[in-house]
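# What the coordinates show
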Amino acid sequence: METILYNIRNEYRGDSLLEEQLDPNPFTQFKAWLDMAMNNGLPEPTACTLITTGTDLKPSGRIVLLKDFDHEGFVFFTNYNSRKGRQINENPNGSILFFWPDLFRQVRIEGCFAKIHEDESANYFNSRPEESQISSIISPQSEIIPTRNFLEKLWDDYVDMHKNNAHERPTFWGGYKLMPTYFEFWQGRVNRLHDRIIYEQTETGWNTYRLAP
Ligand SMILES: Cc1cc2nc3c(=O)[nH]c(=O)nc-3n(C[C@H](O)[C@H](O)[C@H](O)COP(=O)(O)O)c2cc1C
């Protein structure tokens, strides 16, 4: 077995995450961490791994971009007929995961997905650059296609037929919101003695506790 990876070892020397520093609301705590990731010029700070599992119970993950969040949940946009869309349709439970390596931070968020309102999806769709709109319309995301040329021809044919037209959001494309019941804020610390703080939803609010690293 190749063991060269054994020697790749970084020391994590992040700030502390102590109970007295926590915001009682996990969404506010998340905002503080996201703001720090954005203000530090980290590449793609809104990129997160989205984990979904259909009825076959085989989890799958991929990156998506967080596009909005409020005190109810976290929104991303995609093709509802994609593999992830089909899995969410079968099983609305899932998770998103942020990793901000420069800050030695990870955030796990678990909960339940729901489609957002069509008007909100249309709003965001209309705000996108034209090329992104066309790509969402013509790409049968997650379907097998024969060649690169096939995709480019879908693009060219669409563009030929819709010169100077506004592009309408297709009904198969829109947003999902993950409404969390569980957050974990992970802060890398020296000697691998990392901080892990959990927020778990209860009937009366958010319960917080610490896990061993
Ligand atoms: C940086 C980055 C950002 C991405 N953002 C999105 C996104 O916001 N929405 C999306 O549907 N796919 C996005 N993708 C592509 C997905 O990772 C994935 O390839 C695609 O959604 C198909 O996934 P599926 O077949 O599991 O449904 C992104 C990929 C990367 C690397």
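Note that the structure is predicted; figures quoted are calculated from it, not measured. (Residues numbered from 1 in each chain as written. Predicted model: local features only at pLDDT ≥ 70, side-chain atom pairs only at ≥ 80, totals over all residues. Heavy atoms only, no water.)

### What about the packing of aromatic side chains?
Counted under the stated rule, the structure contains 25 aromatic pairs. With a centroid separation of 6.2 Å and 80° between ring planes, the pair formed by Phe27 and Trp206 is classed as edge-to-face. Of the two residues, Phe27 sits in helix 1 (residues 26-39) while Trp206 sits in strand 9 (residues 205-210), which places them 179 residues apart along the sequence. A ring pair is formed by Phe30 and Trp100, whose centres lie 6.0 Å apart and whose planes are at 45°; its orientation type is tilted. Of this pair, Phe30 sits in helix 1 while Trp100 sits in strand 5 (residues 93-100); the two residues are 70 residues apart in sequence, bridging distant segments of the chain. Among the residues examined, Phe30 registers a relative accessible area of 0% and is labelled buried. With relative accessibility at 1%, the residue Trp100 sits in the buried group. The structure contains a cluster of three or more aromatic residues connected by ring pairs, namely Phe27, Phe30, Trp33, Phe69, Phe74, Phe98, Trp100, Phe183, Phe185, Tyr199 and Trp206. The ring of Trp33 carries the charged tip of Arg105 above its face, separated from the ring centre by 4.0 Å. Lying across the ring of Tyr80, Lys115 places its NZ or CZ 4.3 Å from the centre. (Phe/Tyr/Trp six-rings, centres within 6.5 Å; stacked < 30°, edge-to-face > 60°. Helix = DSSP H or I, 4+ residues; strand = E, 2+ residues; numbered from the N terminus. Buried < 20%, exposed > 50% of the residue type's maximum accessible area, 1.4 Å probe, protein only. Lys NZ or Arg CZ within 6 Å of the ring centre and 35° of its normal.)

### Details of the layout of surface pockets
If you add up the space inside the largest pocket, you get close to 350 Å³. What lines the largest pocket is a set of 16 residues, among which Phe77, Thr78, Arg128, Gln141 and Trp173 lie closest to the centre. Secondary-structure elements contributing two or more residues to the lining of the largest pocket are strand 2 (59-65), strand 4 (74-79) and helix 4 (130-138). By residue class, the composition of the lining of the largest pocket is six nonpolar, six polar and four charged. (1 Å grid on protein atoms, 1.4 Å probe; cavity = no way out; pocket = protein on both sides within 12 Å on 5 of 7 lines; lining within 4 Å. Points joined across faces, edges and corners; volume = space filled by probe spheres on them. Nonpolar A, V, L, I, M, F, W, Y, C, P; charged D, E, K, R; others polar.)

### Comments concerning the site of the ligand
In the vicinity of the ligand, the contacting residues are Arg62, Ile63, Val64, Leu65, Phe77, Thr78, Ser82, Arg83, Lys84, Gln141 and Ser142. Interatomic distance of 3.1 Å between a backbone N/O atom of Leu65 and an oxygen atom of the ligand. A distance of 2.6 Å separates an oxygen atom of the ligand from a polar atom in the side chain of Ser142. Protein chains shield 62% of the accessible area of the ligand, which is 620 Å² for the free molecule. Listed by contribution, the elements that provide at least two residues to the shell around the ligand are strand 2, strand 4 and helix 2 (83-90). For the shell around the ligand, the element with the most residues is strand 2, which contributes four residues. Class assignment for the residues of the shell around the ligand results in four nonpolar, four polar and three charged. (Near = heavy atom within 4 Å. Polar contact = N/O pair within 3.5 Å; in protein donor to acceptor, adjacent residues only side chain to side chain. Areas by Shrake-Rupley, 256 points an atom, 1.4 Å probe, with all protein chains shown as cover.)

These values are about where atoms sit, not about what they do.
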